[in-house]
Amino acid sequence: MRKFFPVDSLARDSRFNQITMRQSQADPRTVLVGTDAKQRPNSNRLTPQRPDASDRARGLMHGIFVGEIQALEGAGRTCFDFETGAGDSTDNVPFALKLDMARQAWDEARHVEISVKLSEWMGTEIGQYAENTVLFEAACSTDPVLRLAGVNRALEGLAIDVFTTMKEFGDIAGDPYLEFCEDWMLADEVTHVKMGSDWLRRITENDPERRKKALEFQSVVDKIFSFGGTRSDSDESPIGLARRFRELAGFSDDEVEDIATVSLAALEERKAFAARARADAVDQFSAS
Ligand SMILES: [Fe+2]
Ligand SMILES: [Fe+2]
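Residues numbered from 1 in each chain as written. Chains lettered and ligands numbered in written order. Predicted model: local features only at pLDDT ≥ 70, side-chain atom pairs only at ≥ 80, totals over all residues. Heavy atoms only, no water.

## Notes on the overall build of the chain
Across its full length, the chain holds nine helices and four strands. Against the compact-globule benchmark of 19 Å for 288 residues, the chain has a radius of gyration of 20 Å, which places it among compact chains. Taken along the three principal axes of its C-alpha coordinates, the chain extends 65 × 40 × 35 Å. Here the chain holds 288 residues, and 47% of them are scored as buried. The long-range fraction of contacts in the chain, counting pairs at least 24 apart against all pairs at least 6 apart in sequence, stands at 76%. With an accessible surface of roughly 14,300 Å², the chain has 56% of that area assigned to carbon and sulfur atoms. (Helix = DSSP H or I, 4+ residues; strand = E, 2+ residues; numbered from the N terminus. Rg over C-alpha atoms; globule rule 2.2 N^0.38 Å. Buried < 20%, exposed > 50% of the residue type's maximum accessible area, 1.4 Å probe, protein only. Contact = heavy atoms within 4.5 Å. Areas by Shrake-Rupley, 256 points an atom, 1.4 Å probe, with all protein chains shown as cover.)

Set out below in structure tokens:
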């Protein structure tokens, strides 16, 4: 069986439409709801009261669904791509790490099934929204520690934030299926992030350079997802930062603060961009 499988060779049937990370970067002007201040809600958080709540929730759920498939594929690859060893170089990992990845693959397979049923429940068809392949792209690193940092810590850390927001959405919307499914998946994701945190610390205990490189990669992935202020502590972000669950998942207080700072800075940047775009539109209108 082939090792180090490239993202463009993932097996998908004709229902799926894949886009790469670069293609999927949203235009920040489209992130804010409307350009008329009176129509803009005080909070941009995903709540059932939003006029676009149904479409946004279904789109997010479809994003979770394809993320689960890629998480399954990534964890499976990490079991197979590397030799079994002490984890002292990039070509091998301890057997216990492979066991953790196998357990994760099992969890993700269950999440895929739950996500398919939930999407159907919400009225969505497979492939109705594009599949962003960023998670698997982060799982293609040739250093297993970078995979743990980019996938388990950055992207599954984001999954903790997304599941927490969706769970609250299900609660407020009075949808117990959505609420409980998100809660169950959230519990597993906390375990996956914790596995990433624990293995990253253990493997790089005597290799500060490798640890630094892995944490830098994690921070790059975190920044990509903070783009446009999609996730932050502010109510103006659709997705909140789940601080408590991140603590449980092995993030230090400083790490949580770093993510909060980067996310808020991205939100401010987006707002400034949107304000400039609105001002330009008014100028163009006045000049015409
Ligand atoms: Fe999952
Ligand atoms: Fe996961």
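## Here's the deal with the coordination of the iron ion (ligand 1)
Distances from the iron ion (ligand 1) to its protein donors, E68 (OE), E108 (OE), H111 (ND1) and E189 (OE), fall at 1.9 to 2.2 Å. For the iron ion (ligand 1), the four donor atoms are set out with angles of 84 to 140° between them, so the coordination reads as irregular. Along the chain, the residues donating to the iron ion (ligand 1) fall in the pattern E-x39-E-x2-H-x77-E. The distance between the iron ion (ligand 1) and the iron ion (ligand 2) comes to 3.3 Å, and E108 binds to both of them. Placement of E108 in helix α3 (residues 95-121) and of E189 in helix α6 (residues 176-203) is noted, with a sequence separation of 81 residues between them. (Donors = N, O, S within 2.8 Å, 3.2 Å for Na, K, Ca; no water. Tetrahedral: all angles 85-135°; square planar, octahedral: opposite > 155°, others 65-115°.)

## What to know about empty space enclosed by the protein
Tallied over the entire structure, the rule returns one cavity of 30 Å³ or more. Estimates place the volume of the largest cavity at around 60 Å³. Considering the residues around the largest cavity, the lining is formed by A71, G74, A75, T78, M101, Q104, A139, R147, L148, V151 and N152. (1 Å grid on protein atoms, 1.4 Å probe; cavity = no way out; pocket = protein on both sides within 12 Å on 5 of 7 lines; lining within 4 Å. Points joined across faces, edges and corners; volume = space filled by probe spheres on them.)

## Quick word on the coordination of the iron ion (ligand 2)
Distances from the iron ion (ligand 2) to its protein donors, E108 (OE), E156 (OE), E189 (OE) and H192 (ND1), fall within 1.7 to 2.2 Å. Taken together, the four donor atoms coordinating the iron ion (ligand 2) and their angles of 85 to 160° define a geometry best described as irregular. Sequence positions of the donors to the iron ion (ligand 2) reduce to the motif E-x47-E-x32-E-x2-H.

It is worth stressing that arrangement in space is one thing and function is another; only the former is reported here.
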